[in-house]
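Architecture and fold: a report
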Amino acid sequence: MTTTRITHIGGPTALIEVGGRRLLTDPTFDPPGRRYSFGWGASSRKLTGPAIAAADVGPIDAVLVSHDHHGDNLDTTGRALLPEAGLVLTTAAGARRLGGNARGLQPWATTQLEAPGRPTIQVTPCRHGPPFSRPITGDVIGFALGWEGQEHGALWITGDTVLYDGVRQVADRLQVGTALLHLGGVRFPVTGPIRYSMTAQEAVQLCRLLRPRSAIPVHYEGWTHFRQGRDAIEQEFAQAPADLGRRLQWLPIGTRISIAG
Ligand SMILES: [Zn+2]
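What this report covers is the structure whose coordinates are included nearby. Here the structure is a predicted model, which means the values were calculated and not measured.

Examining the overall build of the protein chain
When you go through the protein chain residue by residue, the secondary structure sums to seven helices and 15 strands. Taken over C-alpha atoms, the radius of gyration comes to 17 Å for the protein chain, in line with the 18 Å a tight globule of 261 residues would show. By principal-axis analysis of the C-alpha atoms, the protein chain measures approximately 50 × 45 × 35 Å. Buried residues in the protein chain amount to 49% of all 261 residues. Pairs at least 24 apart in sequence give 60% of the contacts found in the protein chain among residues at least 6 apart.

Written out as structure tokens, the structure is:
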């Protein structure tokens with residue numbers, strides 16, 4: 001068994017330490033206060049700063065960027081960290097935009113970090129909105145991490161996505177031990193009831209299929225575009241069958257937590 005350590009830094013940003021490797025997801029380190037445009041009249045204001053400053057994160061072997069084109073997944077300060085990382089993995093379109101050490105991957109592609117203790121990283125599909133929204137919301141990916149001696153299944157980071165067939169396929173194709181769920185049920189005034197990320201109800205549906213050992217919400221707080229925070233998520237899991245409710249786990253933001261891998 002390998003012990004994995006996860007530090008939720010805030011929003012979708014987490015530091016994952018496994019087998020001597022240090023991986024950073026969706027780097028967001030800007031201070032709160034600014035409003036970010038997501039295009040097509042949609043925008044959001046950042047309410048909470050990172051629990052750990054970019055300067056204190058330390059060396060990073062790989063950055064996993066679910067998408068580079070939204071400021072709540074990659075912001076100005078986070079972007080400045082990328083050249084110092086060993087490698088940046090993201091969408092093919094994102095890698096073209098980022099250049100440098102960014103490598104683009106298609107859904108279901110697999111790559112490995114070099115040298116000892118290397119985790120295997122498999123890309124999973126996302127759809128960041130309703131059917132046919134991809135040309136507007138852009139490509140997004142998730143990441144499933146596997147490593148030697150992993151006992152309970154992959155560590156999966158969903159990326160920003162609604163529940164749809166691509167995400168359900170993850171439950172068919174992979175055994176997932178720990179799921180970091182990008183939730184929040186994002187909506188914008190300009191598009192009314194349309195959701196751009198998973199609701200708590202969808203998270204429960206997904207976990208019914210996935211049956212992860214731990215379901216850990218991330219990216220549900222700290223911004224005005226989130227419509228469902230911790231209370232809504234807790235309520236939904238409390239109404240689910242008890243064996244699902246027990247799987248919900250919260251990472252105190254800024255605290256390094258050990259997860260049995
Ligand atoms: Zn996004």
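Concerning the packing of helix α5 (residues 200-210) against helix α6 (residues 230-239)
Closest axis-to-axis distance for the α5/α6 pair is 8 Å, and the angle between their directions is 40 degrees. Considering the angle they form, α5 stands oblique to α6. In this structure, α5 meets α6 at a crossing whose hand is right-handed. Two secondary-structure elements touch here, α5 through A200, Q201, A203 and V204 and α6 through A232, I233, E236 and F237. Split into classes, the residues belonging to the contact of α5 with α6 amount to six nonpolar, one polar and one charged.

Overview of the pairing of strand β5 (residues 42-45)
Of the two faces of β5, only one is covered, namely that formed by A42 and S44; the face formed by S43 and R45 stays uncovered. Across four bridges, strand β4 (residues 35-39) lies against β5 in antiparallel orientation. Bridged to S37 within β5 is S43. Taking the residues that link successive antiparallel strands as the turn, the β4-β5 hairpin has two residues, and the phi of W40 there is positive, at about 55 degrees.

Overview of unusual backbone geometry
One non-glycine residue, R211, lies in positive phi territory at about 45 degrees. A positive phi angle is found at H219, which is not glycine, with a value near 55 degrees.

Concerning α5
Looking at α5, one finds that the buried residues are A200, E202, A203, V204, L206, C207 and L210. Just past α5, the residue R211 takes up positive phi, approximately 45 degrees.

Regarding the sheet that holds strand β10 (residues 120-125)
Sheet architecture is open: six strands sit in the order β9-β10-β11-β12-β13-β14, paired in mixed fashion. Strands at the two margins of the open sheet, each flanked by one partner only, are β9 (110-112) and β14 (214-218). Put simply, the sheet's adjacent strands are angled 20 degrees from each other on average, direction ignored. With three bridges connecting them, β9 and β10 associate as antiparallel partners. Within the sheet, the bridge partner assigned to Q112 lies in β10 and is T120.

Considering the nonpolar core
Core analysis: the biggest nonpolar cluster contains 63 residues, and W156, L181 and A203 have the highest contact counts within it. Among the elements that line this core, the one with the most residues is α5, at six residues.

Focus: the pairing of β14
Of all five residues that make up β14, five are buried, and the element is covered over most of its length. A two-sided burial pattern is seen for β14, the buried positions comprising S214, I216 and V218 on one face and A215 and P217 on the other. Bridge count for strand β13 (residues 176-182) against β14 is five bridges, and the pairing is parallel. Bridge pairing in β14 links A179 to A215.

The rules behind these values
Residues numbered from 1 in each chain as written. Predicted model: local features only at pLDDT ≥ 70, side-chain atom pairs only at ≥ 80, totals over all residues. Helix = DSSP H or I, 4+ residues; strand = E, 2+ residues; numbered from the N terminus. Rg over C-alpha atoms; globule rule 2.2 N^0.38 Å. Buried ≥ 20, exposed ≤ 12 C-beta atoms within 10 Å, placed from the backbone. Contact = placed C-beta atoms within 7 Å. Axes fitted to C-alpha atoms, helices over the stretch in contact; angles between N-to-C directions. Parallel < 35°, antiparallel > 145°, perpendicular 65-115°, else oblique. Left-handed = near helix turned anticlockwise from the far one by under 90°. Nonpolar A, V, L, I, M, F, W, Y, C, P; charged D, E, K, R; others polar. Pairing = 2+ DSSP bridges. Core = buried A, V, L, I, M, F, W, Y, C linked by C-beta atoms within 7 Å.

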